[in-house]
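# An overview of the molecular structure
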Amino acid sequence: EVREQDTKDFFEMTFPRETDQYIISVLVVKHIMENPELYDMKLNDDDFFKPYVFDEVKMSIRERKIPVSAIAKATDTSPRQIKLLNPQIIGNYLYKGTYYLRIPKDSKPGFFNRYNKVLSDMKNRERFVTVVKKKANLRTGPGTGYKKVEVAKKGTTYRFLSASKNNWYKIEGSKKNYWVWSGLVSFVD
């Protein structure tokens, strides 16, 4: 832009509106932060974000995948907190590999014992699907064009039976077996 517009003076240059407003906003914030007294602003230590306090553990996952919720339960926190401490975790599962994970401070002692117990409990449970979309339509078979056979209320739980190739899952209902599209269910492994 400097070469094309033949000027080095930012205020004489033209940019797309979004870029222009963004740069001005950044410059204004920078100026205020460098000169807070000019704007009757005094920032105390309490005004800044506190650094995260955490322990770190090395985990080697040999299974196909493990839910982040297992780590959260082993540390007595939520999956959201685990993800905040570990921004490299994108989804709800960790897959085969070695990870250096941050866990809440003081939860490291006994972590692996608690974690192994949580995983064992999860594996020993029957596999269920929970319909999470309000009034989800259950169908008699995979694909489209099947008539609606039942409307599930939010939070209804069914026993998992099998899965088809195209993301339909067979579940056991109260009266008969149904298929449900994967976008409407969450699985507890």
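Computed from a prediction, not measured in an experiment: that's the story for all the values here.

## A short note on the overall build of the chain
- Within the chain, the regular secondary structure consists of five helices and nine strands.
- When the helices and strands of the chain are read in sequence order from the N terminus, they spell out α-α-β-α-α-β-α-β-β-β-β-β-β-β.
- When burial is assessed residue by residue, the chain has 26% of its 189 residues classed as buried.
- For the chain, restricting intrachain contacts to residue pairs at least 6 apart in sequence, the fraction spanning at least 24 positions comes to 56%.
- Accessible surface for the chain amounts to roughly 13900 Å². Of this, 52% is attributable to carbon and sulfur atoms.

## Things to note about the packing of aromatic side chains
- Going through the model one piece at a time under the given rule, you end up with four aromatic pairs.
- Both rings, one in Phe 10 and one in Phe 15, keep their centres 5.5 Å apart while their planes meet at 25°; by these two values the pair is stacked.
- A residue is classified by how much of its surface remains accessible, and Phe 15, at 23% relative accessible area, is partly exposed.
- These aromatic residues form a ring-pair network of at least three members: Phe 10, Phe 11 and Phe 15.
- For the cation-ring pair, Lys 65 lies above Tyr 93, with the distance from its terminal atom to the ring centre recorded as 4.1 Å.

## Notes on the pattern of salt bridges
- By the definition in use, this model includes four salt bridges.
- The partner of Lys 50 in a salt bridge is Asp 46, with the nearest N and O atoms 3.9 Å apart. For the pair Lys 50 and Asp 46, one class covers both residues: exposed.

## Remarks on the nonpolar core
- In terms of nonpolar packing, the biggest core is built from 20 residues, with Met 59, Ile 66, Ile 71, Leu 94, Leu 101, Phe 111 and Tyr 115 touching the most fellow members.
- Among the elements of the structure, β1 (54-67), α3 (68-74), β2 (93-104) and α5 (111-124) are those that each provide at least two residues to this core.

So, how was this worked out
Residues numbered from 1 in each chain as written. Predicted model: local features only at pLDDT ≥ 70, side-chain atom pairs only at ≥ 80, totals over all residues. Heavy atoms only, no water. Helix = DSSP H or I, 4+ residues; strand = E, 2+ residues; numbered from the N terminus. Buried < 20%, exposed > 50% of the residue type's maximum accessible area, 1.4 Å probe, protein only. Contact = heavy atoms within 4.5 Å. Areas by Shrake-Rupley, 256 points an atom, 1.4 Å probe, with all protein chains shown as cover. Phe/Tyr/Trp six-rings, centres within 6.5 Å; stacked < 30°, edge-to-face > 60°. Lys NZ or Arg CZ within 6 Å of the ring centre and 35° of its normal. Salt bridge = Lys/Arg side-chain N within 4 Å of Asp/Glu carboxyl O. Core = buried A, V, L, I, M, F, W, Y, C linked by side-chain atoms within 4.5 Å.

Limitation: the analysis is restricted to geometry and does not speak to function.
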